[in-house]
Amino acid sequence: MNTTPASATESAPETESASETSADRSQSAGAGDATAYRWLVTGAGGQLGTELVTLLGKSAQVRALARADLDLADAEAVRTTIDAWLAEPSDLTPVVINTAAYTAVDAAESDEGTALAVNGDGPRNLAAATAGRARLIHVSTDYVFAGDATVPYGVDDPTEPRTAYGRTKLVGDLAVREVAPDTGYVVRTAWVYGAYGPNFVKTMTKLSRDRETLQVVNDQLGSPTWTYDLASGLIELAMSDALAGNYHCTGSGQTSWFEFTRAIFTELGLDPQRVEPTTSDAFVRPAPRPAFSVLSETEWAGAGLTPMRDWRGALHAAFERDGAALRNES
Ligand SMILES: NC(=O)c1ccc[n+]([C@@H]2O[C@H](COP(=O)([O-])OP(=O)(O)OC[C@H]3O[C@@H](n4cnc5c(N)ncnc54)[C@H](OP(=O)(O)O)[C@@H]3O)[C@@H](O)[C@H]2O)c1
C-alpha cells in the first residue's frame, strides 16, 4: 500500500566534526547565556514551540503562550500581551520567538482566509508589537519558494509559493521584515520532526507496524530537521550579533522522503528494504508538494552561527534521546 510524505499538517507529512555543531551548541545555548534573556514563545503547544520551551525552561525565564493563551490573529490581544510583558521590570533582554502557524497544508487550500489570519496577520501583529523594542524570531518555511530549483535556495532568492499555505507564510515573512526591519528575523526551515506532536517520523514508525512494505516518494528532496537542533539554532541566533533579516536553518545535507524513511527504518532496527521508492504522480493532493525544498546554509554560516549537523546524524541522535516518543511509546 502506498504512503505519502504529506498528511494533515506540514509537520506530519505523512515524515561531528572538529568544529562545534548544533548538538554541542544547543547545550550551551540552552543552559548558560540564555539566562541573560527573557523569552516569550508563541505557538508553545506545537512541536517546535514545546521543544523550545522545554530547552529554554531548563535555565532561562520563559513565557510560553499556546494558542489558548494568545490568538495571534487578534491584533489587540497581541499588542496588549506584548506591551504588558515588555513593561515587566527586568534587566534581562527580551526575545520573542514565533512558532505559531496554520500548518495544515492541504486544508489551507480551501481555508486560505483562516491560514492568512494566522500566518500573515499573526507575524505582522507580533512585528508591530515588538519593532525596535525586542528581537522577533519568526519561523517560516521552504514553501515560500516554487520548489523547482536544482541548487539550494538562498535567503533572498525570488519567492514563488505554489500553495495557499506558502502564500500565507510569505505574507508573514514580508510583514516581519517590513514592520520590524531592525529587529525582525525570518528563519525558514523544512521537514521538521521531533518528540512533540505529530510528524513524519512518527507516522512512518506507525506504518512500519501496520504494513509489510511502504512505497514512499523518491522525487521530492529536502533536509530533515530535528526540533532540538532547530530550537538550539533559534536560541543561538537570538543571542548572536547577526543582523535582522532572512535566514535558513535546516538539518545539513539533503535526501528524499524515501531515503529518509529507509533511515528511519534503520533506526527502528527494521529492514530498510521494506521501504520502496515511488513518485509523486502516485499521490494527488489538494496542495502540491515541492520537488526541491533544500535551503542554503551559506547565510547562516556567514553570520557566524554554528553549522547545523547533518540530517542523518541528527536522526540518530533524535532516536537516542527521544526514541520512546518517536516510536509512539510515550
Ligand atoms: N512542521 C514542518 O515540517 C515545518 C516545515 C517548515 C516550516 N515549519 C514552520 O515551523 C513553525 C513551527 O511548526 P510546527 O511543526 O511546530 O507546527 P505545529 O506543531 O502545527 O504548531 C503550530 C502551533 O501554532 C498554533 N496556532 C495555530 N493557530 C494559532 C493562532 N491563531 N494563534 C496562536 N497559535 C496558533 C497551533 O495551535 P493548535 O494546535 O491549537 O492549532 C500549534 O500549537 C511554523 O511556523 C511552521 O510554518 C514547519
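Right above here is the structure, for reference.
Only a predicted model underlies this, so the values are computations on that prediction, with no experimental measurement involved.

Asks: I would appreciate a short explanation of helix 3 (residues 75-87) in the present structure.
Replies: In an α-helix, one turn spans 3.6 residues; hence positions three or four apart end up facing the same way. Between the first and last C-alpha of helix 3 there are 18 Å, a value that for 13 residues agrees with the 18 Å anticipated at 1.5 Å per step. Within the span of helix 3, buried status applies to Val 78, Thr 81 and Ile 82. Taken down its axis, helix 3 places every buried residue within 95 degrees of arc, on the same side. What points out from helix 3, more than 90 degrees from its buried face, is the exposed set Glu 76, Asp 83, Ala 84 and Ala 87. Looking at the packing, one finds that the buried side of helix 3 touches helix 5 (112-130).

Asks: Explain the packing of helix 2 (residues 47-57) against helix 8 (residues 227-239) here, please?
Replies: The axes of two packed helices give the description: the angle between them and the distance between them. Close contact between helix 2 and helix 8 brings their axes to 9 Å; oriented N to C, the two are set at 65 degrees. Between helix 2 and helix 8 the crossing geometry is right-handed. Contacts between helix 2 and helix 8 involve Gln 47, Leu 48, Glu 51, Leu 52, Leu 55 and Leu 56 from the former and Thr 227, Tyr 228, Leu 230, Ala 231, Ser 232, Leu 234 and Ile 235 from the latter. Considered class by class, the residues forming the contact of helix 2 with helix 8 number 9 nonpolar, 3 polar and 1 charged.

Asks: Please clarify how unusual backbone geometry should be interpreted in this entry.
Replies: Negative phi values dominate among residues other than glycine, just as trans dominates among peptide bonds. The backbone of Trp 191 shows a phi angle near 50 degrees, a positive value even though the residue is not glycine. With respect to the helices and strands, the residue Trp 191 is situated in the loop between strand 5 (184-189) and strand 6 (192-193).

Asks: What should I look at first to understand the sheet that holds strand 2 (residues 61-65) in this one?
Replies: In sheet architecture, strand pairing relies on hydrogen bonds along the backbone and comes in two forms, parallel and antiparallel. The parallel open sheet is built from 6 strands, whose spatial order is 2-1-3-4-5-10. Looking at which strands have only one partner, the edges of the open sheet turn out to be strand 2 and strand 10 (245-248). Each strand of the sheet is rotated relative to its neighbour by a mean of 20 degrees, with strand direction disregarded. Sheet analysis places strand 1 (residues 37-42) next to strand 3 (residues 93-98), joined by 6 bridges and oriented parallel. Across the sheet, Thr 42 pairs through a bridge with Asn 98, a residue of strand 3.

Asks: Can you walk me through the environment of Asp 91 in this structure?
Replies: Relative to the assigned elements, Asp 91 resides in the loop between helix 3 and strand 3. Judged by the 6 C-beta atoms lying within 10 Å of it, Asp 91 falls in the exposed class. Separated by 55 residues in the primary sequence, Asp 91 and Ala 36 have C-alpha atoms spaced 8.2 Å apart.

Asks: Is there a simple way to explain helix 5 in this structure?
Replies: Over its 19 residues, helix 5 runs 26 Å from end to end, which matches the ideal 27 Å to within 8%, given 1.5 Å per residue. A maximum bend of about 35 degrees is found in helix 5 at Asp 121, where proline Pro 123 lies one to four positions downstream. Once helix 5 ends, the next one or two residues include Gly 132, with phi positive near 75 degrees.

Cut-offs used in this document
Residues numbered from 1 in each chain as written. Predicted model: local features only at pLDDT ≥ 70, side-chain atom pairs only at ≥ 80, totals over all residues. Helix = DSSP H or I, 4+ residues; strand = E, 2+ residues; numbered from the N terminus. Expected span 1.5 Å × (residues − 1). Buried ≥ 20, exposed ≤ 12 C-beta atoms within 10 Å, placed from the backbone. Arc of directions from axis to C-beta. Contact = placed C-beta atoms within 7 Å. Axes fitted to C-alpha atoms, helices over the stretch in contact; angles between N-to-C directions. Left-handed = near helix turned anticlockwise from the far one by under 90°. Nonpolar A, V, L, I, M, F, W, Y, C, P; charged D, E, K, R; others polar. Pairing = 2+ DSSP bridges. Bend = angle between axes of the 7 residues up to and from the residue.

Nothing here speaks to function; it is all geometry.
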